[in-house]
Amino acid sequence: SLLLLVNDYGSSPERELIPYTALGILLLIIAALLAYAICRSLSYAQLFSSVCLTVSALWCGSGLVYILVGQGVLQPTDLRSSLIPGLAAFTLALLIIGSVALIVKKAVLAVIAIGISLACAHQIAGLAAAGFGQSATAANYLVVCLVGVYFGVGRLLSIITHGKVEPPGTGLKRKAELKTEQNQGCSDAVSVGLVMNLLSASVLACPLLGVVPRLFTGHVPWLWTAGVYQLGMCVLFYRAMDTLVATFYGFTALLRFAEGYSALLSFYSIQPFSPVPFPVVFSVLFFVLALFSCQKSLLEGLYQLFFVAYCIAIAAQPQGFFQGGTQGVQAAIFVVSACMLLITTFNMVSSTMIPTGQGYFKALVTRMQRFTLRAHDKELHTPHLGYSKYADAEVLGHACNVLAAFAVTATIGDRNPLYVLVLPWVVVAGGALQLLCGSVAFARGKTFESAVFMVYGMMWTVWGLTRYGGLYGETRGFNVSVGIITFMLFNILVTAAALFLNIAWFVYSFTFQLILISFLLDAVGALPFGYDIGVTIIFGLVSFYCFLGHLFNSTFQSPQIPFGKPFLKLRGVGGGANVCPHVPARKATSVQQIAIMKNGGICGMPTDTVYVLVAACNRPDAVVKAYVKKQAQDRPMSMWISSIKQLEPVRHLMSPLLLDFMQAAWPSSISMVILRWMDTFGLGDAAKHIGTPQSIAIRNPDCAVATHLINLVGPIAVTSANPTGEADTTHHNQVYAKLGDKVDGVLCDGPSPENIASTVVDCTKIDTGHIGFFRVGLIPKSKVLQIFEEVQRRHRQGQTNPAF
């Protein structure tokens, strides 16, 4: 605000104080910092995040427009037509958010939001009327600056005085209150996503209303800013475990990028052509999503129906986004988005709720005896293996394949490929968004699905850029063929792996192989007439079946849309045998479930270093089973405890120096090899598997999960989760793959915090004042020696442990 304040006060109609390029770059940097700060902070909860992210998008779009003018892409006379549609949208959006903040008595947020809203309104007036001065705009930014300084100074005083001095309006939510608000959902992201829809609708509706002459290059920054921010909202909603809303904002981001691409073509005086197939398919996808979104609220489902009408309008007119019908639907979306923004923002912060039709879908399904709804909680998105921060992304991934497949069925004829709106749908939908879905799938432990989405995303991106990006004519032939053959080899492996998963995934990958064959035949000039369109439509229909199946099955517990059984079954995990429970280690209930070790079970477990295989010491049969199934009979097991108190039965067998060293060094990633004593822990004949005839290794790990489990089952016998000669196991996927059919459970916690094993210290001769090292691992040798020397120094001064 201070930057714009100085620029507005110092500028004149003849000359800008700050050059356009410099102003644009500074606004971009500020917008990025603001968005980053809000994403990393939860202060002031949702309304604060909504205001800051909205202002960040405003300055991002404005900065890009200024850069285009400064670099000569746009003329200074185009500044009015470029800025007014975006500023109009943010004027209304910030006014709505500021009014809600005023209603709930958040004065600082209200002044900031309304102040920037009025500044945008005065800037519009200054652009529309040359005689209107910029001082009014600067005055509003001055108010925002003063409030910002007041809030910042207030927070600084509160921190310095530890909360004793806290000016009114500068207090932040306490952690307990923040947690309560976060449980209400990701409402701040909903508000920002609606603002981006409002922005896009404003840009497209302004030419229809005569505010600007036409859609042109100056509107690209606003449209692509909306697309980027909505992709961010998509990721946030996957973090919030809300697949439906994440998919919706993934869809709207695709529209924003396609709209921006159409506006960009006007720079080259190209009128884009919009073929029929994929807008119609997109409208079907939106309609299906709208039906299932009614389970959240009836209002949300009705809102998404406007985008169904929008896609139909695109398909109905060949010029797509440049036609009056399309822009008319966007005018309706502008009004509806403003109403939705008001309702959503108000419900987000107010105790009295505006009714949105929640519960009607559930009431309707309850009356239908054949359908049973799933409970929509976090358990619905329990990860495939262990702990994950994201919901399932298969719905969006399959939808992207549907769009990309039907996009390439468009007939170009004698037109330039750039003229036909295929490139954004194939590259952004089929490529970029599938890479996002692949990343989410990998985070959830679905390595096969992740590999499929990433390989197919790369293929759609490369094919789209070469075929529809103007490069294909020059490279057609052997050069393209080599790359396509490489992708075909990758997909053969994917298809073979799908044989062990289910019928749907096999058909899915097999039909994509047929598409790759059509790409190859086209590259070498031997493509049969109609083959490419036929196989692409088949793949699109298979993808639509998978899209509908995942959406339906995540909503209803019964009946289920079948995906089929595996074609091939092998012994173990992949063969559909009874596999062990794999549960997130971060839940106490999961650790209690894995406490089946008390009944003789063995399990894989994360530690402060790498994953290990464990068994309860008081169950000799389990210790023997762990030793045998690990298939490493030449490597003795070690014993782990949760505290030194568990060594009470054998305290008399250890010297005070050793016990003091244990107390000083533990809990940590230090294993100590001491003289053997094993007859007191009920191991019986299994004791021979722990340590050697002369010594054993003992450790107290610095890991809450391991400590909690040991507290439940007593001291445990531990061995590494990798066969002899292999690398250490550093992810629960590896434990599950190697030992899933041999153990009784796996506690999953993602990648290990360290890729290095523990440091093994030789304490068998500690009474002579010396220790040795069998292995230097995570804890360096100097650190261990420092601890030991400190314990020795205390003993020499007579400061022994009073407990002994």
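What counts as what
Residues numbered from 1 in each chain as written. Predicted model: local features only at pLDDT ≥ 70, side-chain atom pairs only at ≥ 80, totals over all residues. Heavy atoms only, no water. UniProt positions renumbered as here; feature names shortened; annotations may be inferred. Helix = DSSP H or I, 4+ residues; strand = E, 2+ residues; numbered from the N terminus. Buried < 20%, exposed > 50% of the residue type's maximum accessible area, 1.4 Å probe, protein only. Contact = heavy atoms within 4.5 Å. Areas by Shrake-Rupley, 256 points an atom, 1.4 Å probe, with all protein chains shown as cover. Pairing = 2+ DSSP bridges. Salt bridge = Lys/Arg side-chain N within 4 Å of Asp/Glu carboxyl O. Axes fitted to C-alpha atoms, helices over the stretch in contact; angles between N-to-C directions. Parallel < 35°, antiparallel > 145°, perpendicular 65-115°, else oblique. Left-handed = near helix turned anticlockwise from the far one by under 90°. Nonpolar A, V, L, I, M, F, W, Y, C, P; charged D, E, K, R; others polar. Patch = residues over 30% accessible without salt bridge, like charges linked within 9 Å, V, L, I, M, F, W, Y side chains within 5 Å. Phe/Tyr/Trp six-rings, centres within 6.5 Å; stacked < 30°, edge-to-face > 60°. Lys NZ or Arg CZ within 6 Å of the ring centre and 35° of its normal. pLDDT = per-residue confidence, 0-100. Expected span 1.5 Å × (residues − 1). Polar contact = N/O pair within 3.5 Å; in protein donor to acceptor, adjacent residues only side chain to side chain.

In the nomenclature of an unreviewed UniProt entry, the protein corresponds to Threonylcarbamoyl-AMP synthase from the organism Seriola dumerili. Here the protein is described in UniProt, under the heading Catalytic activity (unreviewed entry), as follows: "L-threonine + hydrogencarbonate + ATP = L-threonylcarbamoyladenylate + diphosphate + H2O". Listed under Subcellular location (unreviewed entry) in UniProt, the entry text for the protein is "Cytoplasm".

**Student:** Please provide a residue-by-residue account of the overall build of the protein, values included.
**Tutor:** Scanning the protein from N- to C-terminus turns up 27 helices and 12 strands. Classification of the 804 residues of the protein by burial places 54% in the buried group. Look at the contacts in the protein between residues 6 or more apart in sequence, and 73% of them connect residues 24 or more apart. Carbon and sulfur atoms form 63% of the exposed surface of the protein, whose accessible area is close to 34200 Å².

**Student:** Can you tell me about the side chain of Ser-200, naming the residues and giving the values?
**Tutor:** Positionally, Ser-200 belongs in helix α8 (residues 187–209). Leave out the neighbours within four places in its chain, and Ser-200 touches Leu-223, Arg-256, Glu-259 and Gln-330.

**Student:** Could you give an account of the pairing of strand β9 (residues 716–720), naming the residues involved and the relevant values?
**Tutor:** Buried residues dominate β9, accounting for 5 of its 5 residues. With burial as the criterion, each face of β9 is covered, one bearing Ile-716, Val-718 and Ser-720 and the other bearing Ala-717 and Thr-719. In this structure, strand β5 (residues 612–616) lies alongside β9, joined through 5 bridges in antiparallel fashion. For Val-614, the partnering residue across the bridge sits in β9 and is Val-718.

**Student:** Before we move on, could you go through unusual backbone geometry and cite the residues and values that matter?
**Tutor:** Backbone geometry follows two general trends: most residues other than glycine have a negative phi, and most peptide bonds adopt the trans configuration. Here Ser-558 and Pro-559 are connected by a cis peptide whose omega angle stands at -5°. With respect to the secondary-structure elements, Pro-559 resides in the loop between β2 (556–558) and β3 (582–584). Note the cis peptide between Trp-666 and Pro-667, where omega equals -5°. With respect to the helices and strands, Pro-667 occurs in the loop between α24 (656–665) and β7 (670–675). Phi angles above zero are rare outside glycine, and Lys-105 is one such case at about 65°. Within the secondary structure, Lys-105 is located in the loop between α4 (79–103) and α5 (107–128). Residue classification places Lys-105 among the exposed positions, given a relative accessible area of 76%.

**Student:** Give me the pattern of salt bridges: which residues, what numbers.
**Tutor:** As enumerated under the stated definition, the model contains 10 salt bridges in all. For Glu-166, the salt bridge goes to Arg-155, with nearest N and O atoms at 3.5 Å. Placement of the pair is Glu-166 in the loop between α6 (135–160) and α7 (175–182) and Arg-155 in helix α6, with a sequence separation of 11 residues. Classification of Glu-166 as partly exposed rests on a relative accessible area of 34%. Residue class for Arg-155 comes out buried when judged on its relative accessible area of 17%.

**Student:** If you had to explain the packing of α5 against α6 to someone new, which residues and values would you point to?
**Tutor:** Two elements in contact, α5 and α6, have axes separated by 8 Å at closest approach and are oriented at 160°. Considered as vectors, α5 and α6 are oriented roughly antiparallel to each other. Seen along the crossing, α5 lies across α6 with a hand that is left-handed. Across from Val-108, Val-111, Ile-112, Gly-115, Ile-116, Leu-118, Ala-119, His-122 and Gln-123 in α5, the residues of α6 making contact are Ala-136, Thr-137, Asn-140, Tyr-141, Val-143, Val-144, Val-147 and Phe-151. For the contact of α5 with α6, the residue count by class is 12 nonpolar, 5 polar and no charged.

**Student:** Break down a nonpolar patch on the surface for me, citing the residues and quoting the values.
**Tutor:** A cluster of nonpolar side chains, contributed by Phe-287, Leu-291, Leu-298, Leu-302, Leu-305 and Tyr-360, occupies part of the molecular surface with about 560 Å² of accessible area. Counting residues per element, the ones that place at least two in the nonpolar patch are α11 (277–293) and α12 (298–316). A per-element tally of the nonpolar patch places α12 first, with 3 residues. Note that Tyr-360 resides in helix α14 (residues 360–367). Here Tyr-360 falls in the exposed class, since its relative accessible area comes to 55%.

**Student:** Can you tell me about the packing of α12 against helix α13 (residues 324–349), naming the residues and giving the values?
**Tutor:** Contact geometry of α12 with α13 gives a least axis separation of 9 Å together with a crossing angle of 165°. Our classification of the angle between α12 and α13 gives roughly antiparallel. Once α12 is placed against α13, the crossing between them reads as left-handed. In this structure, α12 contributes Leu-299, Glu-300, Tyr-303, Phe-306, Phe-307, Ala-309, Tyr-310, Ala-313 and Ile-314 to the contact, and α13 contributes Gly-325, Thr-326, Val-329, Gln-330, Ala-332, Ile-333, Val-336, Ser-337, Met-340 and Ile-343. Along the lines of polarity and charge, the residues of the contact of α12 with α13 split into 14 nonpolar, 4 polar and 1 charged.

**Student:** Break down the packing of aromatic side chains for me, citing the residues and quoting the values.
**Tutor:** Using the criterion set out here, one finds 39 aromatic pairs in the structure. Ring centres of Phe-267 and Tyr-268 lie 5.2 Å apart, and the angle between their planes is 85°; on these two criteria the pair is classed as edge-to-face. Assessed through its relative accessible area of 42%, Phe-267 is described here as partly exposed. We classify Tyr-268 as exposed; its relative accessible area is 55%. Counting every residue linked through ring pairs, the aromatic cluster contains Phe-237, Phe-248, Tyr-249, Phe-251, Phe-278, Phe-282, Phe-286, Tyr-303, Phe-307 and Trp-425. Arg-239 extends its terminal NZ or CZ atom over the ring of Tyr-390, reaching a point 5.4 Å from the ring centre.

**Student:** Residue-level account of the confidence of the model for the protein, with values.
**Tutor:** Taken residue by residue, the protein gives an average pLDDT of 84. The fraction at 70 or more is 90%. Below pLDDT 50 for its whole length, residues 174–185 participates in 10 contacts with residues either more than four positions away or in separate chains. A low-confidence stretch, residues 572–577 stays under pLDDT 50, and its non-local contacts, those more than four residues away or across chains, total 9 contacts.

**Student:** Describe in detail helix α10 (residues 243–265), supporting the description with residues and values.
**Tutor:** For α10, which comprises 23 residues, the first-to-last C-alpha distance of 33 Å matches the rise-based estimate of 33 Å (1.5 Å per residue) to within 8%. For α10, the buried fraction is high: 22 of the 23 residues fall into the buried class.

**Student:** Which residues make up the side chain of Ser-350, and what values do they have?
**Tutor:** Here Ser-350 is to be found in the loop between α13 and α14. Of the residues examined, Ser-350 reaches a relative accessible area of 15% and is grouped as buried. A polar contact is formed between the side chain of Ser-350 and the side chain of Thr-352, at a distance of 3.1 Å.

**Student:** Pulling in residues and values, what's your account of the pairing of β7?
**Tutor:** Burial analysis of β7 places 5 of its 6 residues in the buried class, the great majority of the element. Bridging between β7 and strand β11 (residues 759–762) involves 4 bridges; their strand directions are parallel. If you follow Ile-670 over to β11, its bridge partner there is Thr-759. When β7 meets strand β8 (residues 695–699), the two strands line up antiparallel, connected through 4 bridges. Looking across to β8, one finds that Val-673 is bridged to Ala-697.

**Student:** How would you summarise the environment of Ala-246 if you had to cite specific residues and measurements?
**Tutor:** Assignment of secondary structure puts Ala-246 in helix α10. Between the C-alpha atoms of Ala-246 and Asp-392, which are 146 residues apart in sequence, the distance is 10.0 Å. Beyond its immediate stretch of four places on either side in the chain, Ala-246 contacts Cys-234, Phe-237 and Tyr-238.

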